[in-house]
Amino acid sequence: ALPISFADKTNSLKWITLEKGLQFGEFKAKSESVLGDSMVRILRIDPKYFSFHLVNASAKGEGVNLSVRQWAKKYKFVASINASMYQRDHLRSISFMRSGKHVNNPRLSRHKTILAFNPIKSGEEKVKLFDRECDNIKQMKQNFHVLVQSIRMISCSGKNVWKQQKGKWSTAAIAADKDGNILFIHVRALYTTHDLINILIALPINIRTAMYVEGGPQAQLFINGADKEFNLLGRYRLRLSQNIITKYGWPVPNVIGIKKR
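Throughout what follows, the structure given in this document is the object of discussion. (Residues numbered from 1 in each chain as written. Predicted model: local features only at pLDDT ≥ 70, side-chain atom pairs only at ≥ 80, totals over all residues. Heavy atoms only, no water.)

A look at the overall build of the protein
Stage number 1. Counting its regular elements, the protein contains three helices and 18 strands.
Stage number 2. In the protein, buried positions account for 52% of the 261 residues.
Stage number 3. In the protein, once contacts between residues fewer than 6 apart in sequence are set aside, the share between residues at least 24 apart is 66%.
Stage number 4. In the form shown here, the protein has an accessible surface area of approximately 12300 Å², with 51% of it arising from carbon and sulfur atoms. (Helix = DSSP H or I, 4+ residues; strand = E, 2+ residues; numbered from the N terminus. Buried < 20%, exposed > 50% of the residue type's maximum accessible area, 1.4 Å probe, protein only. Contact = heavy atoms within 4.5 Å. Areas by Shrake-Rupley, 256 points an atom, 1.4 Å probe, with all protein chains shown as cover.)

Observations concerning the environment of Tyr212
Stage number 1. By secondary structure assignment, the location of Tyr212 is in strand β13 (residues 207-215).
Stage number 2. Judged by relative accessible area, Tyr212 falls into the buried class, the value being 4%.
Stage number 3. Residues contacting Tyr212, with those up to four places away along its chain left out, are Met85, Ser150, Ile151, Met153, Trp162, Trp169, Thr171, Ala172 and Thr193.

A look at the state of the cysteines
Stage number 1. Under the criterion given, the structure shown has one disulfide.
Stage number 2. One disulfide bridge connects Cys134 with Cys156, the sulfur atoms lying 1.6 Å from each other. Within this pair, whereas Cys134 is found in the loop between β9 (127-131) and α2 (140-143), its partner Cys156 is found in the loop between β10 (144-154) and β11 (169-177), the two being separated by 22 residues in sequence.
Stage number 3. Its relative accessible area of 34% is what places Cys156 among the partly exposed residues. (Disulfide = S-S within 2.5 Å.)

Points about the packing of aromatic side chains
Stage number 1. In this structure the tally under the stated criterion is eight aromatic pairs.
Stage number 2. Grouping aromatic residues by their ring pairs yields a cluster made of Phe52, Phe117 and Phe184.
Stage number 3. The ring of Phe96 is capped by Lys141, whose NZ or CZ atom sits 4.8 Å from the centre of that ring. (Phe/Tyr/Trp six-rings, centres within 6.5 Å; stacked < 30°, edge-to-face > 60°. Lys NZ or Arg CZ within 6 Å of the ring centre and 35° of its normal.)

Structure, rendered in C-alpha coordinates:
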(Lines give C-alpha, C1' and ligand atoms only; values in the text may rest on other atoms or scores of the structure.)
Protein backbone atom coordinates (compact mmCIF):
# COMPACT_ATOMS: atom_id res chain seq x y z
CA ALA A 1 0.00 0.00 0.00
CA LEU A 2 1.11 3.56 -0.66
CA PRO A 3 1.58 6.01 2.18
CA ILE A 4 -1.23 8.52 2.67
CA SER A 5 -0.54 11.66 0.69
CA PHE A 6 0.56 14.60 2.80
CA ALA A 7 1.52 16.92 -0.07
CA ASP A 8 -0.64 19.92 -0.82
CA LYS A 9 -1.02 21.59 -4.21
CA THR A 10 1.90 23.95 -3.55
CA ASN A 11 4.20 21.26 -2.11
CA SER A 12 4.70 23.51 0.90
CA LEU A 13 4.56 20.78 3.52
CA LYS A 14 7.84 19.49 4.88
CA TRP A 15 9.32 16.02 4.79
CA ILE A 16 8.24 13.45 7.34
CA THR A 17 11.00 11.78 9.35
CA LEU A 18 10.96 7.97 9.38
CA GLU A 19 14.02 7.84 11.63
CA LYS A 20 17.18 9.85 12.14
CA GLY A 21 18.80 10.53 8.77
CA LEU A 22 15.85 9.13 6.79
CA GLN A 23 12.95 11.21 5.50
CA PHE A 24 10.09 10.55 3.11
CA GLY A 25 8.56 13.16 0.83
CA GLU A 26 5.57 12.94 -1.47
CA PHE A 27 5.17 15.76 -3.99
CA LYS A 28 2.53 16.64 -6.55
CA ALA A 29 4.02 17.07 -10.02
CA LYS A 30 3.52 20.44 -11.68
CA SER A 31 1.94 18.73 -14.71
CA GLU A 32 -0.70 15.99 -14.68
CA SER A 33 0.19 12.53 -15.93
CA VAL A 34 -1.89 10.89 -18.65
CA LEU A 35 -2.22 7.94 -16.28
CA GLY A 36 -1.61 7.71 -12.56
CA ASP A 37 -1.69 10.02 -9.54
CA SER A 38 1.01 12.48 -10.72
CA MET A 39 2.94 12.03 -7.47
CA VAL A 40 6.72 11.98 -7.01
CA ARG A 41 7.79 9.92 -4.01
CA ILE A 42 11.27 10.42 -2.58
CA LEU A 43 13.29 8.84 0.18
CA ARG A 44 15.97 11.26 1.41
CA ILE A 45 18.99 9.52 2.95
CA ASP A 46 21.79 11.07 5.00
CA PRO A 47 24.91 8.92 4.35
CA LYS A 48 26.22 9.74 7.84
CA TYR A 49 23.56 7.44 9.28
CA PHE A 50 23.14 4.82 6.53
CA SER A 51 25.55 2.66 4.57
CA PHE A 52 24.93 1.74 0.94
CA HIS A 53 25.17 -1.78 -0.52
CA LEU A 54 25.00 -3.29 -4.01
CA VAL A 55 23.67 -6.83 -4.48
CA ASN A 56 23.92 -8.77 -7.75
CA ALA A 57 22.28 -11.97 -8.94
CA SER A 58 25.54 -12.53 -10.88
CA ALA A 59 27.58 -12.70 -7.64
CA LYS A 60 28.84 -15.98 -6.22
CA GLY A 61 26.17 -17.77 -4.23
CA GLU A 62 23.28 -15.84 -5.79
CA GLY A 63 22.05 -16.66 -9.32
CA VAL A 64 18.36 -15.85 -8.85
CA ASN A 65 16.69 -12.55 -9.67
CA LEU A 66 14.40 -11.19 -6.98
CA SER A 67 12.02 -8.26 -6.63
CA VAL A 68 13.46 -5.16 -4.96
CA ARG A 69 11.39 -6.01 -1.87
CA GLN A 70 12.67 -9.60 -1.81
CA TRP A 71 16.30 -8.41 -2.08
CA ALA A 72 15.63 -6.03 0.83
CA LYS A 73 14.15 -8.79 2.96
CA LYS A 74 17.04 -11.13 2.18
CA TYR A 75 19.71 -8.60 3.16
CA LYS A 76 17.70 -6.76 5.83
CA PHE A 77 17.85 -3.43 4.04
CA VAL A 78 15.98 -0.47 5.47
CA ALA A 79 15.21 0.55 1.88
CA SER A 80 16.17 -0.55 -1.62
CA ILE A 81 15.84 0.52 -5.25
CA ASN A 82 16.89 -0.68 -8.71
CA ALA A 83 20.62 -0.28 -9.27
CA SER A 84 20.45 0.08 -13.06
CA MET A 85 18.78 -1.20 -16.18
CA TYR A 86 20.04 -4.59 -17.28
CA GLN A 87 20.83 -6.46 -20.48
CA ARG A 88 18.97 -9.27 -22.24
CA ASP A 89 20.76 -11.91 -20.18
CA HIS A 90 18.84 -10.52 -17.17
CA LEU A 91 22.08 -10.33 -15.19
CA ARG A 92 24.49 -7.72 -16.51
CA SER A 93 23.94 -4.02 -16.04
CA ILE A 94 23.88 -1.84 -19.16
CA SER A 95 27.12 -0.13 -18.06
CA PHE A 96 30.02 -0.49 -15.65
CA MET A 97 29.13 -2.10 -12.34
CA ARG A 98 31.53 -3.32 -9.67
CA SER A 99 31.07 -4.41 -6.08
CA GLY A 100 34.44 -5.14 -4.49
CA LYS A 101 36.05 -8.02 -6.35
CA HIS A 102 32.83 -8.90 -8.16
CA VAL A 103 32.50 -7.18 -11.52
CA ASN A 104 29.01 -7.43 -12.98
CA ASN A 105 29.92 -5.45 -16.11
CA PRO A 106 33.52 -4.32 -16.82
CA ARG A 107 32.58 -1.94 -19.64
CA LEU A 108 32.77 1.77 -18.90
CA SER A 109 30.19 3.13 -21.35
CA ARG A 110 29.47 6.64 -22.60
CA HIS A 111 26.93 7.26 -19.83
CA LYS A 112 27.79 10.29 -17.72
CA THR A 113 26.87 9.40 -14.11
CA ILE A 114 28.53 7.00 -11.71
CA LEU A 115 27.32 6.32 -8.18
CA ALA A 116 30.27 5.48 -5.93
CA PHE A 117 30.17 4.29 -2.33
CA ASN A 118 32.03 2.21 0.26
CA PRO A 119 35.27 4.25 0.11
CA ILE A 120 38.61 2.46 0.20
CA LYS A 121 40.52 5.42 1.62
CA SER A 122 39.66 7.34 4.76
CA GLY A 123 38.61 10.93 4.19
CA GLU A 124 36.57 10.17 1.08
CA GLU A 125 32.86 10.97 0.96
CA LYS A 126 30.84 7.93 2.00
CA VAL A 127 28.80 8.07 -1.20
CA LYS A 128 29.05 10.32 -4.23
CA LEU A 129 27.17 10.69 -7.50
CA PHE A 130 29.88 11.57 -10.03
CA ASP A 131 29.28 13.52 -13.22
CA ARG A 132 31.98 12.52 -15.70
CA GLU A 133 31.95 15.92 -17.41
CA CYS A 134 32.45 17.98 -14.25
CA ASP A 135 33.98 15.78 -11.53
CA ASN A 136 37.49 14.43 -11.27
CA ILE A 137 37.05 10.69 -11.72
CA LYS A 138 40.66 9.68 -12.43
CA GLN A 139 41.10 8.12 -9.01
CA MET A 140 37.51 6.93 -8.67
CA LYS A 141 38.21 3.24 -9.25
CA GLN A 142 41.00 3.32 -6.68
CA ASN A 143 38.95 5.24 -4.10
CA PHE A 144 35.68 3.28 -3.94
CA HIS A 145 34.81 -0.40 -3.64
CA VAL A 146 31.43 -0.02 -5.34
CA LEU A 147 30.75 1.76 -8.64
CA VAL A 148 27.47 1.85 -10.56
CA GLN A 149 27.32 3.65 -13.90
CA SER A 150 24.02 4.74 -15.41
CA ILE A 151 22.29 7.36 -17.55
CA ARG A 152 22.50 11.01 -16.52
CA MET A 153 19.26 12.95 -16.12
CA ILE A 154 20.48 16.29 -14.78
CA SER A 155 23.87 17.79 -15.60
CA CYS A 156 26.18 19.30 -13.00
CA SER A 157 25.01 22.72 -14.19
CA GLY A 158 21.42 21.78 -13.37
CA LYS A 159 20.25 21.27 -16.95
CA ASN A 160 17.83 18.72 -18.35
CA VAL A 161 19.96 16.56 -20.68
CA TRP A 162 17.23 14.35 -22.18
CA LYS A 163 15.57 15.03 -25.50
CA GLN A 164 11.80 14.77 -25.66
CA GLN A 165 10.45 11.31 -26.51
CA LYS A 166 7.07 9.82 -27.31
CA GLY A 167 7.17 7.00 -24.76
CA LYS A 168 5.85 7.49 -21.22
CA TRP A 169 6.49 5.13 -18.32
CA SER A 170 7.06 4.78 -14.59
CA THR A 171 10.55 5.72 -13.41
CA ALA A 172 13.03 4.91 -10.65
CA ALA A 173 16.00 7.25 -10.21
CA ILE A 174 18.83 7.98 -7.80
CA ALA A 175 19.81 11.59 -7.16
CA ALA A 176 21.99 13.73 -4.94
CA ASP A 177 20.97 17.04 -3.42
CA LYS A 178 23.14 20.06 -2.66
CA ASP A 179 23.36 19.13 1.03
CA GLY A 180 25.02 15.75 0.40
CA ASN A 181 21.92 13.59 0.80
CA ILE A 182 21.10 10.75 -1.58
CA LEU A 183 17.56 10.58 -2.96
CA PHE A 184 15.79 7.38 -3.98
CA ILE A 185 13.03 8.55 -6.35
CA HIS A 186 10.00 6.63 -7.58
CA VAL A 187 7.29 7.91 -9.94
CA ARG A 188 4.58 5.42 -10.80
CA ALA A 189 2.65 7.90 -12.94
CA LEU A 190 3.53 7.93 -16.63
CA TYR A 191 5.82 10.70 -17.94
CA THR A 192 8.42 11.06 -20.64
CA THR A 193 11.84 11.21 -19.00
CA HIS A 194 12.34 14.74 -20.36
CA ASP A 195 9.14 15.95 -18.69
CA LEU A 196 9.92 14.12 -15.44
CA ILE A 197 13.33 15.78 -15.22
CA ASN A 198 11.69 19.19 -15.51
CA ILE A 199 9.29 18.16 -12.74
CA LEU A 200 12.19 17.13 -10.47
CA ILE A 201 14.09 20.35 -11.11
CA ALA A 202 10.99 22.37 -10.17
CA LEU A 203 10.40 20.55 -6.87
CA PRO A 204 11.61 22.04 -3.55
CA ILE A 205 14.12 19.22 -3.00
CA ASN A 206 17.39 21.06 -3.65
CA ILE A 207 18.39 18.52 -6.31
CA ARG A 208 21.94 18.66 -7.68
CA THR A 209 22.19 15.78 -10.15
CA ALA A 210 20.30 12.57 -10.94
CA MET A 211 20.66 9.30 -12.80
CA TYR A 212 18.04 7.03 -14.35
CA VAL A 213 18.05 3.48 -12.98
CA GLU A 214 14.90 1.84 -14.37
CA GLY A 215 11.58 2.38 -16.13
CA GLY A 216 8.26 0.60 -16.57
CA PRO A 217 7.04 -2.20 -14.28
CA GLN A 218 10.61 -3.06 -13.28
CA ALA A 219 10.97 0.33 -11.53
CA GLN A 220 10.64 -0.29 -7.79
CA LEU A 221 11.32 1.36 -4.44
CA PHE A 222 10.86 -0.52 -1.17
CA ILE A 223 10.93 1.13 2.26
CA ASN A 224 10.79 -0.95 5.41
CA GLY A 225 9.31 1.58 7.81
CA ALA A 226 9.14 1.13 11.56
CA ASP A 227 5.42 0.33 11.49
CA LYS A 228 4.62 -0.05 7.79
CA GLU A 229 6.17 -1.23 4.55
CA PHE A 230 6.04 0.93 1.43
CA ASN A 231 6.38 -1.15 -1.74
CA LEU A 232 6.29 1.27 -4.67
CA LEU A 233 5.92 -0.44 -8.04
CA GLY A 234 6.05 0.70 -11.63
CA ARG A 235 3.51 0.10 -14.34
CA TYR A 236 3.32 -0.08 -18.11
CA ARG A 237 0.59 0.95 -20.49
CA LEU A 238 -0.82 -1.05 -23.39
CA ARG A 239 -3.42 1.58 -24.35
CA LEU A 240 -4.59 4.70 -22.56
CA SER A 241 -7.63 2.80 -21.27
CA GLN A 242 -5.75 -0.37 -20.38
CA ASN A 243 -2.86 -0.66 -17.97
CA ILE A 244 -1.29 -3.37 -15.88
CA ILE A 245 0.17 -2.72 -12.45
CA THR A 246 2.49 -5.34 -11.04
CA LYS A 247 1.38 -6.56 -7.63
CA TYR A 248 4.58 -7.88 -6.08
CA GLY A 249 7.42 -6.40 -8.16
CA TRP A 250 9.30 -7.83 -11.11
CA PRO A 251 12.42 -9.90 -10.39
CA VAL A 252 15.53 -7.84 -11.16
CA PRO A 253 19.24 -8.72 -10.97
CA ASN A 254 20.85 -5.65 -9.39
CA VAL A 255 19.66 -3.63 -6.41
CA ILE A 256 21.05 -0.91 -4.14
CA GLY A 257 20.01 -1.03 -0.50
CA ILE A 258 20.76 0.87 2.69
CA LYS A 259 21.40 -0.22 6.28
CA LYS A 260 21.85 1.71 9.52
CA ARG A 261 25.47 2.45 10.32
